[in-house]
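# Fold and geometry: a report
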Amino acid sequence: GLTVNKSSGEVILTNNSVTVDNTLTFTSGNINGRTNGYPVIISSGGSVSRTSGHVDGEMRRYIPTGDPAAIVYYIGSAEDYTPARIDVNGAGGTADFVGVIATGSVHANITSSTLDTAKNVQRYWDINPYGSFDLGTRDYDLQLTFLNPDDIRGGANTSLFVMEQYYSASWTQFAASAPTSTTTT
């Protein structure tokens, strides 16, 4: 396992990604993989325990076939903890890794979306499959956590939030179910 217990500063990945086969424990402090582009990878037998801290950069987690329990990505940007949760539902699919990274700014192509560019969340998440990962006939629920009021622009009403996916230079809108003051699902 790996334990991060750093009262100030952060652990910066300078030469390689880190793969955790047992438990990644966040006691205090962050792992910065963003600066040099290295992910933190939680293997199929790995888990995460968190008191305080997160990955500033991409976390990759193994998603098995079938209907696993919801998988939390302990991520954020700098000191902002803004995790994502993916809950895959159904049977089948192909197991492999899915990576998520949170960025604390507005998406570069937001003006081509149907989102109100003055009233939105000033944060976005990139979600990427790796290897042979495939949902197959499964679907998923995605919960994203943002900071309120820090990420909320223009006094936006969080109960009216929707999600939009940017893929292949176009946007697709999804209705949010049960948005809260700090999450959208």
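So, how was this worked out
Residues numbered from 1 in each chain as written. Predicted model: local features only at pLDDT ≥ 70, side-chain atom pairs only at ≥ 80, totals over all residues. Heavy atoms only, no water. Helix = DSSP H or I, 4+ residues; strand = E, 2+ residues; numbered from the N terminus. Buried < 20%, exposed > 50% of the residue type's maximum accessible area, 1.4 Å probe, protein only. Lys, Arg positive; Asp, Glu negative; His and termini not counted. Salt bridge = Lys/Arg side-chain N within 4 Å of Asp/Glu carboxyl O. Polar contact = N/O pair within 3.5 Å; in protein donor to acceptor, adjacent residues only side chain to side chain. Contact = heavy atoms within 4.5 Å. 1 Å grid on protein atoms, 1.4 Å probe; cavity = no way out; pocket = protein on both sides within 12 Å on 5 of 7 lines; lining within 4 Å. Points joined across faces, edges and corners; volume = space filled by probe spheres on them. Nonpolar A, V, L, I, M, F, W, Y, C, P; charged D, E, K, R; others polar. Pairing = 2+ DSSP bridges. Axes fitted to C-alpha atoms, helices over the stretch in contact; angles between N-to-C directions.

### Let's talk about the side chain of R61
In this structure, R61 sits in strand 7 (residues 59-63). No salt bridge is formed by the buried R61, whose closest oppositely charged neighbour, D21, lies at an N-O distance of 12 Å. One polar contact links the side chain of R61 to the main-chain carbonyl oxygen of V72, over a distance of 2.5 Å. Once residues lying within four places of it in the same chain are set aside, the contact partners of R61 are I42, G46, S47, V48, I71, V72, Y73, Y74, D96, F97 and V98.

### Some thoughts on the layout of surface pockets
Of the voids in this model, the largest pocket is the one considered here, and its volume is about 1400 Å³. For the largest pocket, the lining is made up of 46 residues, of which L142, L144, M163, E164 and Q165 are closest to its centre. Those elements that provide at least two residues to the lining of the largest pocket are strand 11 (84-89), strand 13 (124-129), strand 14 (139-145), strand 15 (162-167) and strand 16 (170-175). For the lining of the largest pocket, a count of residues per class yields 28 nonpolar, eleven polar and seven charged.

### Some details on the sheet that holds strand 2 (residues 18-20)
As summarised here, the arrangement of the five strands in space is 2-4-7-12-13, forming an open sheet in which the pairing is mixed. Of all strands in the sheet, those with a lone pairing partner are strand 2 and strand 13, marking the two edges. Pairwise comparison of adjacent strand axes, ignoring direction, gives a mean angle of 20° for this sheet. Two strands pair when backbone bridges link them, and strand 12 (residues 96-103) and strand 13 are joined in this way by six bridges, in the antiparallel orientation. Note on strand 13: the bridge partner recorded for G99 is N128.

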